[in-house]
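# Summary of the model geometry
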Amino acid sequence: MVSACLREKHDYYYIIISYYEEGKRKQIWKSTGLKVRGNKRKAEQLLADYQKRYSPEEQQLLPEQEERAIIKPIQRNDVLFGDYMQEWCEAQRGVIEESTYCNYKRQINRAIVPYFNQRRITLQAITAQDINDFYKAQVKKVSAGTVKHYHSNIRKALQDAYVEDKILCNPADKVKLPQADPFIGDYYNQKELQKLLLSVQGTQIEFPVYMAVYYGLRRSEISGLQWSAVDFDYKTITIRRTIVGCFVDGKYTCVEKERTKTKKSLRTLPLMPVIEQMLLRMKDKQEAEKKFFGNSYKGVGYIYVHEDGEYYNPNYITCEFIKHLKRKSFRHIRFHDLRHSCATLMRHEGIKMEDIQKWLGHSQLATTEKIYAHFEEEQHITSAEIISKKLSFE
């Protein structure tokens, strides 16, 4: 006997086909492709079609015949893998953060859909070799790290298809990912940092540069800092919010998050005197601007804002930083490399890697050790000098 009913999952309607095989009850989930909101009647009509198709009066089949009759139309052999990935991505919206959804969608539409749909590879037919070929093609265009992001999405989507009985196994589990080259961040030395700090005084990027150099903050953390995070009495500053940029429906926008990148990125650091004085000046300036703009002031408690209280787009920090380096003829580095510069300075002063990890807010010590591997290379030079001196015959 075959039965069907409607279920809601991730804001979409699914038809659940239930049947018995060798005395065991089995279920297959069939996506209608219809969102829950405003599509109840359409979904019920699809359900009625399935119930009619598999009514007991019309389907008096043996177990093996019944399986063929059910599985063939349900597994949707005609669905292109790229189309399935887009459908899966839309199903994630509302379940995951908006910025994460936007990143998923961008990766899928830019790389995954064009490759697989052009080759007419379907969800049912996709193999581990197909996925491997895709990664080999992509690694010629993008970094191995980006390919790993592709893999993460593909594997999650295929796992959902497997759980919903759309495929018999997850071919992404058999794929071998390309090895990423170890990343070594660029950085400014102490003298370069001092010159940079002097050069940005009085400019619009003074605050973000100082926070990146002194605290190693990410630009999303700098943009997300609010006055409530600063305790002038106990001399602390807490990193607890972020602002990230992403593309929503093709338009770049900012998303405010009441959390940091990871749990360990939530951290409280000492308020250094030079930063405290800067913050006090900024606070006085904001108070004057609030009075000037009156009711049109847009401020909601952020520290790094325009004159009208609107917070700065994280991309603004990056763009203005690059322009500043060119104007002042500084050696080119990324804004994020100021974070590496902060860590490098700490390591040169003998601060333990574990303490640097906590200061920067890395979730794992291995991340800190991997990114700042050049510390150990420089330490090897010191070790070689010590050994040479001790074993010298002079």
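The following refers to the structure shown.

Calculation notes
Residues numbered from 1 in each chain as written. Predicted model: local features only at pLDDT ≥ 70, side-chain atom pairs only at ≥ 80, totals over all residues. Heavy atoms only, no water. Pairing = 2+ DSSP bridges. Helix = DSSP H or I, 4+ residues; strand = E, 2+ residues; numbered from the N terminus. Phe/Tyr/Trp six-rings, centres within 6.5 Å; stacked < 30°, edge-to-face > 60°. Buried < 20%, exposed > 50% of the residue type's maximum accessible area, 1.4 Å probe, protein only. Lys NZ or Arg CZ within 6 Å of the ring centre and 35° of its normal. Core = buried A, V, L, I, M, F, W, Y, C linked by side-chain atoms within 4.5 Å. Salt bridge = Lys/Arg side-chain N within 4 Å of Asp/Glu carboxyl O. Polar contact = N/O pair within 3.5 Å; in protein donor to acceptor, adjacent residues only side chain to side chain.

Pairing geometry for strand β4 (residues 230-231) and strand β5 (residues 236-239), over two bridges, is antiparallel. From the neighbouring strand, D231 faces β5, where its bridge partner is T236. Across four bridges, β5 lies against strand β8 (residues 267-270) in antiparallel orientation. Looking at β8, one finds that T238 is bridged to T268.

Okay, the packing of aromatic side chains next. Evaluated as defined, the whole model comprises 16 aromatic pairs. Centre to centre, the rings of F116 and F134 are 5.1 Å apart; their planes meet at 45°, and the pair counts as tilted. Of this pair, F116 sits in helix α4 (residues 98-118) while F134 is found in helix α5 (residues 128-138), placing the two residues 18 residues apart along the sequence. Taking relative accessible area as the criterion, F116 reaches 0% and is therefore assigned buried. Members of the aromatic cluster, each reached through a chain of ring pairs, are F81, Y115, F116, F134, Y135 and Y150. Sitting over the ring of Y115, R119 keeps its end group 3.7 Å from the ring centre. Over the face of the ring belonging to W227 we find K283, whose NZ or CZ atom lies 4.4 Å from the ring centre.

F207, V209 and L338 are the most contacted members of the largest nonpolar core, which totals 44 residues. For this core, the elements supplying multiple residues, two or more each, are α7 (190-200), α8 (206-215), β5, α10 (273-293), α11 (314-327), α12 (337-348) and α13 (353-360). Counting residues per element, this core draws most heavily on α8, at seven residues.

Before going further, it helps to examine unusual backbone geometry. What is expected of a backbone is that most residues other than glycine have negative phi and most peptide bonds are trans. The phi dihedral of K235 is positive, around 60°, even though this residue is not glycine. Relative to the helices and strands, K235 resides in the loop between β4 and β5. What makes K235 partly exposed here is its relative accessible area of 38%. Non-glycine residue S329 carries a positive phi angle of around 60°. Residue placement: S329 occurs in the loop between α11 and α12.

Moving on, we get to the environment of D83. Looking at where D83 falls in the secondary structure, it is placed in helix α3 (residues 81-92). For D83, a relative accessible area of 35% gives the class partly exposed. In this structure the C-alpha to C-alpha distance between D83 and V113, which are 30 residues apart in sequence, comes to 7.0 Å.

If charged atoms from side chains of opposite charge come close, those side chains can pair. Under the criterion given, the structure shown has 15 salt bridges. E206 is the partner of R281 in a salt bridge, and the nearest nitrogen-oxygen pair spans 4.0 Å. One end of the pair, R281, is in helix α10; the other, E206, is in helix α8, with 75 residues separating them in the sequence. E206 gets classed as buried once you look at its relative accessible area, which sits at 15%. Linking R218 and E221 is a salt bridge whose minimum nitrogen-to-oxygen distance equals 2.6 Å. Residue R218 shares its accessibility class with E221, and that shared class is buried. One connected set of salt bridges, linked through shared partners, spans E87, E164 and K166.

The topology assignment puts R218 in the loop between α8 and α9 (219-223). A distance of 2.6 Å separates polar atoms of two side chains, one belonging to R218 and the other to E221.

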